[in-house]
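Below, each chain spelled out in residue letters.
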Amino acid sequence: MDRNIPIQNRRTGVLINYFALIMALIFFELTKYGIGLSHWAGFTLVGFFLFILILSFVFVYVKSGLWRLTHKKTKNLDEREIQVVTHAIRISYSIFAIVVIILVYLFAILGIGTIDVVIAASLLYLAHIIPASILAWTEKEVY
């Protein structure tokens, strides 16, 4: 575990992770509905972006220790870590609630279809990485 990943590298990794997640979802939905891509090409692109997603997840969240920090029990954190993690979680759930509400309204108003299991799984992943992303973006060093 390399906790000394520079903040700029962590920020870049966070952006790459979110970009890969969004692109994998877009290409999955386009392929599912047969819009503009053959199934083979679409799922190849989905696989490529999932590969990038996994690599960036390992680099940003696992190697830096941010995943472990945001998923530790409170009794295993010191006072400073509790403050930092609690602040990140509070902000992240506000962001997550807004993202989910916008997504649900977009699907309802535009009549795009239903929120399928892939989108639901992506939202679950998003709920777990937002606190670590906030820490990766704001903290100078990881504890």
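Please read these numbers as outputs of a predicted model, since none were measured by experiment.

Rules and cut-offs
Residue indices begin from 1 for each chain and proceed along its sequence in written order. At least 70 in pLDDT is required for a residue's local features to be given in this predicted model, at least 80 for side-chain atom pairs to be given and counted, and no such filter applies to totals for whole chains, interfaces and linings, which use all residues. Hydrogens and waters are ignored; side-chain quantities use all the structure's heavy atoms. Helix and strand assignments follow DSSP, with helices taken as H or I runs no shorter than four residues and strands as E runs no shorter than two, numbered in order from the N terminus. Note on classification: 1.4 Å probe, protein chains only; a residue is buried when its accessible area is under 20% of the maximum for its type, exposed when over 50%, partly exposed between these limits. Residues are treated as being in contact if the distance between any of their heavy atoms lies within 4.5 Å. Only the protein chains shown count as cover for residues, with accessible areas throughout obtained via the Shrake-Rupley method and a probe of 1.4 Å. Here the positive residues are Lys and Arg and the negative ones are Asp and Glu; neither His nor the chain ends is included. To locate a charge, the coordinates of NZ of Lys, CZ of Arg, CG of Asp or CD of Glu are taken. By salt bridge we mean one thing: a side-chain nitrogen of Lys or Arg within 4 Å of a carboxyl oxygen of Asp or Glu. Each helix should span, by expectation, one fewer than its residue count multiplied by 1.5 Å. Only buried residues count toward a nonpolar core. Its members are Ala, Val, Leu, Ile, Met, Phe, Trp, Tyr and Cys residues joined through side-chain atoms within 4.5 Å. A residue counts toward a patch only above 30% relative accessible area and without a salt bridge, and it is joined to like-charged neighbours within 9 Å or, for Val, Leu, Ile, Met, Phe, Trp and Tyr, to nonpolar neighbours within 5 Å. Here a polar contact is taken to be a pair of N or O atoms separated by no more than 3.5 Å, where protein atoms must pair a possible hydrogen donor with a possible acceptor and residues adjacent in sequence count only if both atoms sit in side chains.

### Considerations on the overall build of the protein chain
Okay, step 1: Within the protein chain one finds five helices and zero strands.
Okay, step 2: Written out in order from the N terminus, the α and β elements of the protein chain read α-α-α-α-α.
Okay, step 3: Taken over the C-alpha atoms alone, the protein chain extends approximately 50 × 30 × 25 Å along its principal axes.
Okay, step 4: Counting all 143 residues of the protein chain, 36% fall into the buried class.
Okay, step 5: Across the protein chain, the fraction of contacts at a sequence separation of at least 24, relative to all contacts at a separation of at least 6, is 79%.
Okay, step 6: Accessible surface, the protein chain as shown: approximately 8700 Å² in total, 71% of it carbon and sulfur.
Okay, step 7: Separation between the mean location of the 12 positive side-chain charges and that of the 8 negative ones in the protein chain comes to 2 Å.

### Some points on the pattern of salt bridges
Okay, step 1: The full count for this structure, using the stated rule, is three salt bridges.
Okay, step 2: Note that glutamate 29 and lysine 32 form a salt bridge whose closest N and O atoms lie 3.2 Å from each other. Highlighted residues: glutamate 29 and lysine 32, both in helix 1 (residues 7–32), separated by three residues, approximately one helical turn.
Okay, step 3: Where aspartate 116 meets lysine 32, a salt bridge forms, and the shortest distance between an N and an O atom there is 2.5 Å. Taken as a pair, aspartate 116 in the loop between helix 4 (79–110) and helix 5 (117–138) and lysine 32 in helix 1 lie far apart in primary sequence, 84 residues in all.
Okay, step 4: Beyond isolated ion pairs, a larger network of salt bridges with shared partners links Glu29, Lys32 and Asp116.

### With respect to helix 1
Okay, step 1: With 26 residues, helix 1 ought to run about 38 Å at 1.5 Å a step, and its terminal C-alpha atoms sit 37 Å apart, in line with that.
Okay, step 2: Immediately downstream of helix 1, the backbone of glycine 34 shows phi near 70°, a positive value.

### Considerations on the nonpolar core
Okay, step 1: One finds Tyr61, Leu66, Phe96, Tyr125, Leu126, Ile129 and Leu135 to be the most contacted residues of the largest nonpolar core, which totals 28 residues.
Okay, step 2: If you look at the next biggest cluster of nonpolar residues, it comprises six residues, including Met23, Phe28, Val46 and Phe49.

### With respect to the environment of isoleucine 82
Okay, step 1: Relative to the assigned elements, isoleucine 82 resides in helix 4.
Okay, step 2: Of the residues examined, isoleucine 82 reaches a relative accessible area of 27% and is grouped as partly exposed.
Okay, step 3: A C-alpha to C-alpha distance of 9.8 Å links isoleucine 82 and lysine 72, two positions 10 residues apart in sequence.
Okay, step 4: Setting aside residues up to four positions removed in sequence, isoleucine 82 forms contacts with Thr74 and Leu77.

### Quick word on a nonpolar patch on the surface
Okay, step 1: Nonpolar side chains collect at one region of the surface, where Ile98, Ile101, Ile102, Tyr105, Leu106, Ile109, Leu110 and Ile112 lie side by side and expose about 830 Å² of accessible area between them.
Okay, step 2: With respect to the helices and strands, isoleucine 98 occurs in helix 4.
Okay, step 3: Given the relative accessible area of 52%, isoleucine 98 is considered exposed.

### Things to note about helix 4
Okay, step 1: The terminal C-alpha atoms of helix 4, which comprises 32 residues, lie 46 Å apart, in line with the 46 Å expected from a rise of 1.5 Å per residue.
Okay, step 2: Here helix 4 has its buried residues at Glu81, Val84, Val85, Ala88, Ser92, Phe96 and Phe107.
Okay, step 3: Its side-chain oxygen placed 3.2 Å from the backbone nitrogen of arginine 80, aspartate 78 serves as the N-cap of helix 4.
Okay, step 4: Following helix 4 by one or two positions, glycine 111 has its phi on the positive side, about 60°.

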